[in-house]
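Structural overview
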Amino acid sequence: MSGPDMRQIERETLLLWEHAFEPDPTLGEKFYLNVAYPYPSGAMHVGHGRTYIAPDVIARFWRMRGRTVLYPMAFHVTGAPVIGISKRISRGDQKAVSLYRDLYKVPPDVLAAFTDPLAIVRHFSDEYQRVMSECGISIDWRRRFTTVDPQYSRFIEWQWKHLREEGHVVKGAHPVRYCTQCDNPVGDHDLLEGEKAEILKFTLVMFRWNDALIPTATLRPETIYGVTNLWVNPDVTYVRVKVDGVIWIVSRQAAQKFTLQDHSVEILGELAGSSLIDQVVSHPLCGEIPILPARFVDPDMASGIVMSVPAHAPFDYIALRDLQSLGEYTGITPVPLITVPGYGTLPARDAVERAGIKNQDDPRMETLTQEVYSAEFGSGRLYEKYGGAPVKVARDAVAALMIRQYGSVPMYEFDTRSVICRCGGQVFVKILHDQWFLQYSDPAWKAQVSSLLEQMCLVPPEVRAEFERTVDWLKDWACTRKVGLGTRLPWDPAWLIEPLSDSTVYMAYYTIAHHLKSISPDLLTPEVFDYIFLGKETSSLPEREKLDAMRKEFLFWYPYDFRFSAKDLISNHLTFQLFHHVAIFPGALLPRGMVVFGMGLLNGAKMSSSKGNVFLLEDALHEFGADTVRMFLVGSAEPWQDFDWRNELVASTRRQIERFISTVEESHNATGIPDDLDGWLASRLQGHIARMTEALEHFQTRQALQEAFFGIESDLKWYRKRLPAGSDGSRYLWELCSVWVRLLAPVIPFTCEYLWKKLGNTDLVSFAPWPVPDPAAVDRKLELAEDLLSRTVEDIESIVKIIQMAPSAITIYTAPEWKRRVFVAVAAAENKGTVIKEIMKEEEMRKRGREVTDTVRQCTMLIHRLPPQIISQLIEEIPDEQAIFRKASGFLEKEFGVTVTVRDTGESMHAKAALALPFKPALVIE
RNA sequence: GCGAGGGUAUCUAAGCCAGGCCAAAAGAGCCGGACUUAAGAUCCGGUCACGAAGGUGUUCAUGGGUUCGAAUCCCAUCCCUCGCACCA
C-alpha cells in the first residue's frame, strides 16, 4: 500500500487555503506571533524551514482554539551583503557563480540579472514565499513588504525621529577595521584572514631623541617607571615623519597607520634601524636610556619600536639576557616597580626561569607574557614610591597623566597580525568620525529593558540569564553606514541606517502593512505614524478614515504575543528590539514573549551554504512531502534544541504518516458496539488531549507529537490486541479519529485536511474546533483495570520467555483480602517505620505472624515501584482483581493459547500462590 | 580568554529544577519471526550483562563528595554548541 498521492493532496489543499489565513480584526481574542524576517540572499534550506514551520504549528494550534491568529512575513533587504554578491557574480567569481547556479539552482537568465543587487532579493523573496507556502505555513501574505519599500522607509524615519527625541542617538568617533583598498569598513564576514582580531587601544609613550620623538606603543603605560631601554629592530628601515607638525621616528608601516587615526603625516626620510642602536633617548618619567637591538620587534606592530621593562615583561627580560650572555650591555639591570603575589622581585625572570626558557625564540614566550600580564593586572601593586596603587588603577591613571602632560596619544592596533580583506588588501584600524550611535550603554534605558524582561515570557526559561547578561553588557552601537541598501538618517542623509537598527519595531508595521500599500509614501509623515501607533492627534491628518482603520487594527494586534528567532540573535537583534520598543511604545503595547530556537545540523555537521553542507527545503519537499518535512522538523527535537536532519530518519517519519492515514481510513470498517474497552480508549484519549494541549501551550512541539501521535498509536495497539478475534473495533473509533485528526492538524495539516474530508466534514480542519478533554469520559477504574491487565501480561510473557517451555496452563492468583488491607495500610502510612506496629494491633494479623511482616516488606518494595498516581488510586479502592481477570480470560487465553484460571490465593497450597500481592498477582505457569 | 547553555544506552531524545516511581519513556536503527512468488509496507518479539519464574548485577562525560538511597544535589576536571558587536 503506497497510500494516497501526497503531492497531489498538497496541491489541492493549497487551493483551499488560498486567502484562508488573512485575518482582519475581530471581536474575539487574538494571537499575534512573528518570526525574524529572512534576508533573501539565497535559497531556503531545511534549517530555515524549521524556523518558520515551528511557529506555524503554534499558529495553527491557537487558530483552532478559536483565536484570531496573525502570522505575517516580510523580507529584510537592508545592508551590504547582496551588493557584494552581485559584484562577485558580475565579476564572474567562480565560487559565487557556482553557489548560485549549482547549489541554489538559479536559472541562467535570472542569474544574469543578478548584477543588480535588488534582482537577487526580488528573486529569492519570491522563492521564499513560494516554498513557505508549499510547506503549508499559514502566513498572511497581504502584509508582505521589504525593508526598502518607500512606505517602510517613512516608517523607519518616524521610528528614528523618536529615538533621537528620546536622546538615544548620539554622535561620536569610533575605531573600526578598515580596508584601504576597498575604502570601507569591513566586518567579520568580509575578512579572508584575522576574523578574531580585536582592536586594542595602546598608549604611545613619547621618548625624546635629539629633535625627534620616538613613540613606543604599550598596553602597560604604568611600567614606564621600570623602562631600562628601547628595542629597535636593526634589520628594519624606519622613517622620519612629521606628525601633526612634530618629528617622529616610526616604522614605515606605522606612518601609514597614523594617517588613518586622525594624524597628518608627512614622510621626511628614512633611517636604518641599526643607526638607532646605542642612541640615548629620554622620558621625564624614566630618565635617559639607550636603544638596544632586538629581532622580535615587528615593524608592523603599532609604532614598530617598543619600550623595554625587563623586570616585568618576559620578552624584554629574555632579550636582554640574550644580549648580556654575549657580554654586551652588562651594565643594564632590570628595574622592578610592581609587587605581585606568587612572584619575587623580578616576575619576568621568575616566569622565564620556571618555564626553563632558553632564548627569545622559544614559542612559549607568548603564553608566558600573558601569564605575567594577567597576574600583575589582577593582583599586582605599584611600589610605594610610584604611588602604591593597584595595577588596574595605575594603568589608566598613568595613561591619563602621559596624555595630559607628556605628549602621549592613543593608538589603535589589532591584537593579532595579518588581518586581510576579501579583496586581498591589508586591513587597518581607522577612526571614523561623525558616526552615529545608539546609546545602549545608557543605564536608564537598560533599566527599562530589564524591567520589561522581568515581565516577559521567555521560552525556554534558560535563555533568561543570557538576555540579562546581554542587557548588562551592551555598549553603544554604531548604527549608521556609508554603504548598503537602507533608509537614510532623516537628519543626516549622508548616513544610512544600519540593518540591525532598522528591523526592531517592524512587528508593529505588519499590523497595517497591507493598508499602507494603498497610500502614497509622501503622505506618510511622522505625524501620521504618531497617530496610528501612539494615538497622537495632529490637525490636518490626511486620509483620516484609513488612518482610523489602521489605528484600530494596530491596537487589535498589538502588543505581539510571541517573537520567534534562533538563539544566535539573543545578543543583538532580540535584545535590540526590546530597547527600541521601550523607547517608543507605551507599557501596554510592549512585547509579551519570545521563543528562542536552536540551530540546525545536517548529518551531524553544521549547515553551511558556503561549505555546500545544506539540504534545500524545496528538495526536501519534493523528496518527502511537506507534512513529512514538517513532522520531522518539529518532532525530532523541541524548538529550542539543535536538530539534526538525516534523510533516513525523515524517511521513517513518512511511513509514520502513512500508517496514520491508513488507520484513520480503516476506521470506517469499525462497526462494533462500544463497550468497556472503548471506554478505556476514550478515557485515555482525554489524557492525551489534555497533555498535547498543554505541551503546545508551552511550544513543546516534540512533546506534543509524542503524546498525540505515538501516545494514541500505542493505545490503539493495545486496543487491537484486546479485541476479540475477527473484530475491527467499535464505532467509537470514528469519534477517536475525528479527535485525532484535529490534534495532528497543526503538525501535518495537508494530511489532516484530506482525512478530515474523508471523515465526512465539509469545512477546513485548519479552523475546526480544537478538542477539549471531556471529564465525563475519564474512567480511572477502567484505566486501572487495563493497567493491571497489561502489567500481568508482561509478567507472564517474561516468565514464559525465561522458562523456555511451552506452557500448558496458566493460573492467576489474586491477593487475599488481608494482604489488601496491609497494602493500603503501608501505602497510606505517613511513617513507614511504625506501620508494622499499627498493623499488628489487629488480632487477626498477629495470628499470621511472619507472613505479615514479609508482606509488609514486599508491599513496601512494590509501592516504590508503582507510579504514585496508581498508589493513590489503590489507597482509595483496590479493584476487584478476580472480576478483572475473569472478564479478560478470553483475551488471555487467546494471547497465550492455553487455559487461564483465576483464583484467590487462599484456594491453593502452591508455593508460588503465596507470593500474590495486590496489583501483582501470583502466576503459576505449567 | 570571557558570557550563556549542554554532555543519558547504536542514534535522536525524555527524565534532572521538587533525590526513591529509573535498567531509565518514546521514536529511529539493528536482529529474529509472521504475511508475501519476492521486495517494500504492515504486524509480532528482541535489542547493557547474567538468569529454566516475574529477578540479580553493572550503567546516565570523568573523578570526588552529601545521603539509608544519586542520571537527578554539591565540588573539580574534560568535551560540545551559541554569542563576544558595526554583521545578517
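These lines cover the structure that appears in this document, whether it is placed above or below. Since we're looking at a predicted model, the values are computed, not measured.

Contacts to RNA strand B come from 62 residues, most closely from Tyr39, His174, Arg481, Gln641 and Arg865. Between Glu466 and RNA strand B, the recorded distance is 3.3 Å, taken from a side-chain N or O atom to a sugar or linking oxygen. Contact between RNA strand B and Leu923: a base nitrogen at 3.2 Å from a main-chain N or O atom of the residue.

It is worth spelling out the environment of Ile532 at this point. Of note, Ile532 is situated in helix α17 (residues 526-534). Sequence-wise, Ile532 and Ile512 are 20 residues apart; in three dimensions their C-alpha atoms are separated by 9.0 Å.

A word on helix α24 (residues 701-722). Look at α24: 31 Å from first C-alpha to last across 22 residues, which is about the 32 Å you get at 1.5 Å a residue. Largest kink in α24: about 25°, centred on Gly711.

Moving on to helix α18 (residues 544-557). Here α18 is 14 residues long and its end C-alpha atoms lie 20 Å apart, about the 20 Å a rise of 1.5 Å per residue gives. Where α18 is concerned, the buried positions are Leu547, Met550, Arg551, Glu553, Phe554, Phe556 and Trp557. Close packing links the buried residues of α18 with β1 (30-35), β2 (68-70), α15 (506-510), α16 (513-516) and α17.

Now for the nonpolar core. Soluble globular proteins tend to bury their nonpolar side chains together. Core analysis: the biggest nonpolar cluster contains 157 residues, and Trp645, Phe660 and Phe823 have the highest contact counts within it. By residue number, the principal contributor to this core is helix α2 (residues 46-64), which donates ten residues. Ignoring sequence-local partners within four residues, the contact set of Phe823 consists of Cys859, Leu862, Ile863, Leu866, Ile871, Leu874, Ile878 and Pro918. In this structure, Val169, Leu453, Val463 and Leu489 belong to the second largest nonpolar core, which totals 66 residues.

Here we have five strands laid out as an open sheet, ordered β2-β1-β24-β25-β20, and parallel in their pairing. Only two strands of the sheet have a single neighbouring strand rather than two, namely β2 and β20 (457-459). If you compare each strand with its neighbour and ignore which way they point, the axes differ by 15° on average.

Time to look at unusual backbone geometry. Cis geometry is adopted by the peptide bond preceding Pro460, which originates at Val459 and carries an omega value of -10°. Cis peptide bonds are those with omega within 30 degrees of zero, and the linkage from Tyr558 to Pro559 qualifies with 0°. Residue position: Pro559 is located in the loop between α18 and β24 (562-566). Positive phi outside glycine occurs at Lys105, with the angle close to 55°. Following the sequence through the fold, Lys105 ends up in the loop between α4 (94-103) and α5 (108-112). Phi is positive for Asp244, which is not a glycine, with a value near 50°. Structurally, Asp244 can be placed in the loop between β9 (237-243) and β10 (246-251).

About the cut-offs
Residues numbered from 1 in each chain as written. Chains lettered and ligands numbered in written order. Predicted model: local features only at pLDDT ≥ 70, side-chain atom pairs only at ≥ 80, totals over all residues. Heavy atoms only, no water. Near = heavy atom within 4 Å. Polar contact = N/O pair within 3.5 Å; in protein donor to acceptor, adjacent residues only side chain to side chain. Helix = DSSP H or I, 4+ residues; strand = E, 2+ residues; numbered from the N terminus. Expected span 1.5 Å × (residues − 1). Bend = angle between axes of the 7 residues up to and from the residue. Buried < 20%, exposed > 50% of the residue type's maximum accessible area, 1.4 Å probe, protein only. Contact = heavy atoms within 4.5 Å. Core = buried A, V, L, I, M, F, W, Y, C linked by side-chain atoms within 4.5 Å. Pairing = 2+ DSSP bridges. Axes fitted to C-alpha atoms, helices over the stretch in contact; angles between N-to-C directions.

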